[in-house]
Amino acid sequence: MSPDVVTVELANGPARFHALWLRDNASGHESRHTGSGQRLFDVTELPDRVEVVSAEVVDGRLYVTFEPDRFSSIYESDWLETHRYDRPVTSGFVGAVPWLAHDLSIHRLMWPDRAKTSSLAETSKALVRDGVAIVDGLAAGGNEGPGVVDVANLWGPARETNYGEVFLVRAEVAPTNLAFTPKALNVHTDNPYRCPVPGYQLLHCLVASETGGVTVLLDGFQAAEVFRSEDPTAFALLTSRSVPFRWRGGGFELWNRVPVIEVEDGGPADGSIRAIRYNNRSVEPFDLPFDEMADFYQAYRAFARLLHRPELEYRFVLNPGQCVVFDNERILHGRDGEADSERLLKGCYLDRDWIHGKKYV
Ligand SMILES: [Fe+2]
């Protein structure tokens, strides 16, 4: 032990903790609210110089006393093991398992099973793992039945945007978005121009297309990992710069600036892919420094080409009465071939927290 660092023997080996870190993370009713566990003080309220004067492990608990105020706190060994930061950084995905097209078996939830907590919990788990699931047994054609907002409400309120709570995907005479035409659509993530970017997207098919209209899904986390392994320099460039996205229409001008591939910065999962934003329709002219533009374009084009590899593309037809739910900052979606103008989908968005943050125990 030194005044600045305490070393503790834990289940997975010794770990060092800084005195200031321990003081800032003190337990007890003076430091933490009894009900919520939230911190009761601001870091500015701590002494300028925090030192440890005694540290001792007794029965699996670390007892520490600090100077200059003789403040004491107790730390459970399990808690220290969970929060240890003295370890090698490892990359990985929190709950996500990136997939290739032939590995994916989309989890399905039949509407009547929604009432079972276990069925909904399984679906949520599949969404975190695969980034996609299908809810079946909904309204189809002109028939009455549960719709896309009812599916969103299994988890939480639909995220309303300037499109409204629900948007229609069908051929329009004067579309404000290319998605609202029958044309084939390049794989993309939706609405990177919104701040924050919508977390989950739900698309409910009411009327299918007689021809074309095949849905293409692609795991952006998998694509990014392939890109990183094949061209680490280009990967580093694409993750270190943001690009602008914009959408104008209906009295709105929406603008956001985000990286195409966002990675965790620091922490135990340093370098893990956190989000993908790719949309060739709404990306603005790149505004990077002159000296970086050529290299950035090379990296951007290489990643865009990778997004068309057949082994990454999962193709299927969404039938009437089915709703596909997918992580909009992970799974890219597109439409292969021109759809009939009768094809009708209803869509909405849902914040990630409603699915990723929900506990079922
Ligand atoms: Fe879209």
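Calculation rules
- Residues numbered from 1 in each chain as written.
- Predicted model: local features only at pLDDT ≥ 70, side-chain atom pairs only at ≥ 80, totals over all residues.
- Heavy atoms only, no water.
- Pairing = 2+ DSSP bridges.
- Helix = DSSP H or I, 4+ residues; strand = E, 2+ residues; numbered from the N terminus.
- Axes fitted to C-alpha atoms, helices over the stretch in contact; angles between N-to-C directions.
- Contact = heavy atoms within 4.5 Å.
- 1 Å grid on protein atoms, 1.4 Å probe; cavity = no way out; pocket = protein on both sides within 12 Å on 5 of 7 lines; lining within 4 Å.
- Points joined across faces, edges and corners; volume = space filled by probe spheres on them.
- Nonpolar A, V, L, I, M, F, W, Y, C, P; charged D, E, K, R; others polar.
- Domains from an automatic or database assignment.
- Phe/Tyr/Trp six-rings, centres within 6.5 Å; stacked < 30°, edge-to-face > 60°.
- Buried < 20%, exposed > 50% of the residue type's maximum accessible area, 1.4 Å probe, protein only.
- Lys NZ or Arg CZ within 6 Å of the ring centre and 35° of its normal.
- Donors = N, O, S within 2.8 Å, 3.2 Å for Na, K, Ca; no water.

1. Structural notes on the sheet that holds strand 10 (residues 200–207)
Then comes step 1: With respect to topology, six strands assemble into an open sheet ordered 6-7-17-10-19-8, the strand pairing being mixed. In this open sheet, the two strands that pair with only one neighbour each are strand 6 (107–110) and strand 8 (167–169). Between one strand axis and the next, the sheet turns by 25° as a mean value, whatever way the strands run.
Then comes step 2: Sheet topology note: the strand 7 (residues 132–136)/strand 17 (residues 322–327) ladder contains five bridges and is antiparallel. Each bridged residue has a counterpart across the sheet, and for V132 the counterpart in strand 17 is F326.
Then comes step 3: Against the sheet, helix 3 (residues 117–130) contacts strand 6, strand 7, strand 10 and strand 17, and its axis sits at roughly 150° relative to strand 6.

2. What about empty space enclosed by the protein?
Then comes step 1: Under the defined criterion, the tally for this structure stands at two cavities of 30 Å³ or more.
Then comes step 2: Within this model, the second largest cavity holds a volume of roughly 50 Å³.
Then comes step 3: What lines the second largest cavity is C205, A208, S209, G212, G213, T215, V317, L318 and R343.
Then comes step 4: Its residues assigned to classes, the lining of the second largest cavity comprises four nonpolar, four polar and one charged.

3. A look at the domain arrangement of the chain
Then comes step 1: Domain parsing of the chain yields domain 1 (5–83) and domain 2 (101–356).
Then comes step 2: Relative placement of domain 1 and domain 2: their C-alpha centres are 43 Å apart.

4. Some details on the packing of aromatic side chains
Then comes step 1: Considering all chains together, one arrives at 19 aromatic pairs under this definition.
Then comes step 2: Summarising the aromatic geometry, the rings of F66 and F71 are spaced 6.5 Å apart at their centres and angled 40° between planes, so their arrangement reads as tilted. One exposure class covers both F66 and F71, and it is buried.
Then comes step 3: The rings of F17, W21, Y75, W79 and Y85 are connected pair by pair, giving a single aromatic cluster.
Then comes step 4: The positively charged end of R194 is found above the aromatic ring belonging to Y163, 5.0 Å away from the centroid.

5. A word on the sheet that holds strand 18 (residues 331–336)
Then comes step 1: With respect to topology, four strands assemble into an open sheet ordered 9-18-11-16, the strand pairing being antiparallel. Unpaired on one side and paired on the other, strand 9 (185–188) and strand 16 (313–316) mark the two borders of the sheet. When the angles between neighbouring strand axes are averaged without regard to direction, this sheet yields 20°.
Then comes step 2: In the sheet, strand 9 pairs with strand 18 via two bridges, with the strands oriented antiparallel. What sits directly across from H188, in strand 18, is H333.

6. As for the layout of surface pockets
Then comes step 1: In this model, the second largest pocket occupies a volume close to 230 Å³.
Then comes step 2: Lining the second largest pocket are 15 residues, with V94, F221, I273, R274 and R352 sitting closest to its centre.
Then comes step 3: For the lining of the second largest pocket, the secondary-structure elements that each account for two or more residues are strand 15 (273–276) and helix 8 (352–356).
Then comes step 4: The class makeup of the residues in the lining of the second largest pocket is seven nonpolar, three polar and five charged.

7. Considering the coordination of the iron ion
Then comes step 1: Binding of the iron ion to the protein goes through H188 (NE2), D190 (OD) and H333 (NE2), at separations of 2.1 to 2.2 Å.
Then comes step 2: Within one chain, the residues donating to the iron ion are spaced in sequence as H-x1-D-x142-H. Of this pair, H188 sits in strand 9 while H333 sits in strand 18; the two residues are 145 residues apart in sequence, bridging distant segments of the chain. Across the pair, exposure class does not vary: H188 and H333 are buried alike.

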